[in-house]
Amino acid sequence: MSDAVLDADRERGLYLLSRLRAEGTEPLLILWVIARDLRALVALAGNDQAGFKKTRIPAFLARRYQARARMMPAGNWQRLLAGCAEVDRCIKGLGEGCNTADGGGRVWALLDRVMLHATRPGR
């Protein structure tokens, strides 16, 4: 999924989410990966090298993250990270319309929305 975000590959990102859902992968694991990538992009878009290091992204990938971070304003990355917080609340059953009765459908819809915007081509 990280590659889909870094390559701005919407089709691949949404496909991977649908496959992971079909395989029964826990949304929390998917959220962790997406949020880690977005935290790294937020840090790099804001020239926060210390923040980037906290994400524990391997150094050999730093250039790819740096290039992707420059493709959108820092505020866009920050809004996507806020979207991850909404997904997290929904996973916990705290968001509006978030319950387990629908099989987590709202959680997956929110994950799709975050992925859709995270894989948006630059500027």
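Residues numbered from 1 in each chain as written. Predicted model: local features only at pLDDT ≥ 70, side-chain atom pairs only at ≥ 80, totals over all residues. Heavy atoms only, no water.

### So, the packing of helix α2 (residues 10-22) against helix α7 (residues 105-118)
Link 1 in the chain: Packing of α2 against α7 brings their axes to within 9 Å, and their N-to-C directions diverge by 160°. One finds that α2 runs roughly antiparallel with respect to α7. Viewed along their axes, α2 and α7 form a crossing whose handedness is right-handed. Contacts between α2 and α7 involve R10, G13, L14, L17, L20 and R21 from the first element and G105, W108, L111, D112, M115 and L116 from the second. (Axes fitted to C-alpha atoms, helices over the stretch in contact; angles between N-to-C directions. Helix = DSSP H or I, 4+ residues; strand = E, 2+ residues; numbered from the N terminus. Parallel < 35°, antiparallel > 145°, perpendicular 65-115°, else oblique. Left-handed = near helix turned anticlockwise from the far one by under 90°. Contact = heavy atoms within 4.5 Å.)

### As for the nonpolar core
Link 1 in the chain: Ranked by internal contacts, the top residues of the largest apolar core, which has 32 residues, are I34, L38, Y65 and L111.
Link 2 in the chain: Broken down by secondary-structure element, the contributors of at least two residues to this core are α1 (2-6), α3 (27-45), α5 (62-69), α6 (74-91) and α7.
Link 3 in the chain: Among the elements that take part in this core, α3 stands out by supplying 10 residues, more than any other.
Link 4 in the chain: The residues contacting Y65, other than those within four sequence positions of it, are S2, L6, R36, D37, A40, L41, L44, F52 and I57. (Core = buried A, V, L, I, M, F, W, Y, C linked by side-chain atoms within 4.5 Å. Buried < 20%, exposed > 50% of the residue type's maximum accessible area, 1.4 Å probe, protein only.)

### Thoughts on α3
Link 1 in the chain: Across its 19 residues, α3 extends 26 Å between first and last C-alpha, which sits within 8% of the 27 Å expected from 1.5 Å per residue.
Link 2 in the chain: Directly beyond the C-terminal end of α3, a positive phi value near 55° is found at N47. (Expected span 1.5 Å × (residues − 1).)

### Description of the packing of aromatic side chains
Link 1 in the chain: Applying the stated criterion across every chain, the model contains 1 aromatic pair.
Link 2 in the chain: Between F52 and Y65 the ring centres are 6.2 Å apart and the planes differ by 55°, which places this aromatic pair in the tilted class. Residue F52 is found in helix α4 (residues 49-54), and its partner Y65 is found in helix α5; the two are separated by 13 residues along the sequence. No difference in accessibility class separates F52 from Y65, as the two residues are buried. (Phe/Tyr/Trp six-rings, centres within 6.5 Å; stacked < 30°, edge-to-face > 60°.)

### Notes on the side chain of D37
Link 1 in the chain: Position of D37 relative to the elements: it lies in helix α3.
Link 2 in the chain: Polar contacts involving the side chain of D37 include one to the side chain of R36, which spans 3.3 Å.
Link 3 in the chain: For D37, the side chain forms a polar contact with the side chain of Y65, separated by 2.6 Å.
Link 4 in the chain: When sequence neighbours within four positions are dropped, the list of residues in contact with D37 reads S2, I57 and Y65. (Polar contact = N/O pair within 3.5 Å; in protein donor to acceptor, adjacent residues only side chain to side chain.)

### Topic: the side chain of S2
Link 1 in the chain: For S2, the location among the structural elements is in helix α1.
Link 2 in the chain: Those residues in contact with S2 that sit more than four places away from it in its chain are V33, R36, D37 and Y65.

### Observations regarding the packing of α6 against α7
Link 1 in the chain: With their axes 9 Å apart at the nearest point, α6 and α7 run at an angle of 170° to one another. When the interaxial angle is binned, α6 and α7 end up roughly antiparallel. Of the residues in α7, those touching α6 at W77, L80, G83, C84, E86, V87, C90 and I91 are R106, V107, L110, L111, R113, V114, H117 and A118.
Link 2 in the chain: In the contact of α6 with α7, the residues fall into 11 nonpolar, 2 polar and 3 charged. (Nonpolar A, V, L, I, M, F, W, Y, C, P; charged D, E, K, R; others polar.)

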